[in-house]
Amino acid sequence: MDTYHELIESIRESRKLMSKVCDHNSDKYIAYLKSFNTKYSDQVQLFQELQGSKFAGQTASLK
């Protein structure tokens, strides 16, 4: 297995474990994921700013 497939499999296993921790309850799972927003607030803010700037030009063309 190459590095790419190993990485994807690692992500899948991580998601399965998080779902199990949340009793496979989607509301709990989403709340769990959102709890990381506080822990990684600087990274979340940077991502949101970059995402906003990425789509800023596209939304203007849709009007």
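The coordinates are above.
Residues numbered from 1 in each chain as written. Predicted model: local features only at pLDDT ≥ 70, side-chain atom pairs only at ≥ 80, totals over all residues. Heavy atoms only, no water.

1. Details of the packing of aromatic side chains
The final tally for this structure, using the stated rule, is two aromatic pairs. Where Y32 meets F36, the ring centres are 5.1 Å apart and the plane angle is 85°; that geometry is what we call edge-to-face. Residue Y32 and its partner F36 are located together in helix 2 (residues 26–39), separated by four residues, close to a single helical turn. With relative accessibility at 26%, the residue F36 sits in the partly exposed group. (Phe/Tyr/Trp six-rings, centres within 6.5 Å; stacked < 30°, edge-to-face > 60°. Helix = DSSP H or I, 4+ residues; strand = E, 2+ residues; numbered from the N terminus. Buried < 20%, exposed > 50% of the residue type's maximum accessible area, 1.4 Å probe, protein only.)

2. Comments concerning helix 2
Helix length check: helix 2, at 14 residues, gives a terminal C-alpha distance of 21 Å against a target of 20 Å (1.5 Å per residue), a fit within 8%. Capping of helix 2 at its N-terminal end is provided by N25; its side-chain oxygen lies 2.9 Å from the backbone amide nitrogen of D27. (Expected span 1.5 Å × (residues − 1). Polar contact = N/O pair within 3.5 Å; in protein donor to acceptor, adjacent residues only side chain to side chain.)

3. Digging into unusual backbone geometry
At D23, a position not held by glycine, the phi torsion is positive, near 55°. The phi angle at H24 is positive, at roughly 55°, despite the residue not being glycine. Positionally, H24 belongs in the loop between helix 1 (3–21) and helix 2. Overall, H24 belongs to the exposed group, its relative accessible area being 58%.

4. Thoughts on the pattern of salt bridges
Summed over all chains, the structure comprises two salt bridges. Notably, a salt bridge pairs E13 with K16, separated by 3.5 Å at the nearest N-O pair. Taken together, the residues E13 and K16, both in helix 1 and three residues apart, mark about one turn of the helix. The partly exposed category is assigned to E13, whose relative accessible area is 41%. Residue D23 is joined to K28 by a salt bridge in which the shortest nitrogen-to-oxygen separation is 3.0 Å. (Salt bridge = Lys/Arg side-chain N within 4 Å of Asp/Glu carboxyl O.)

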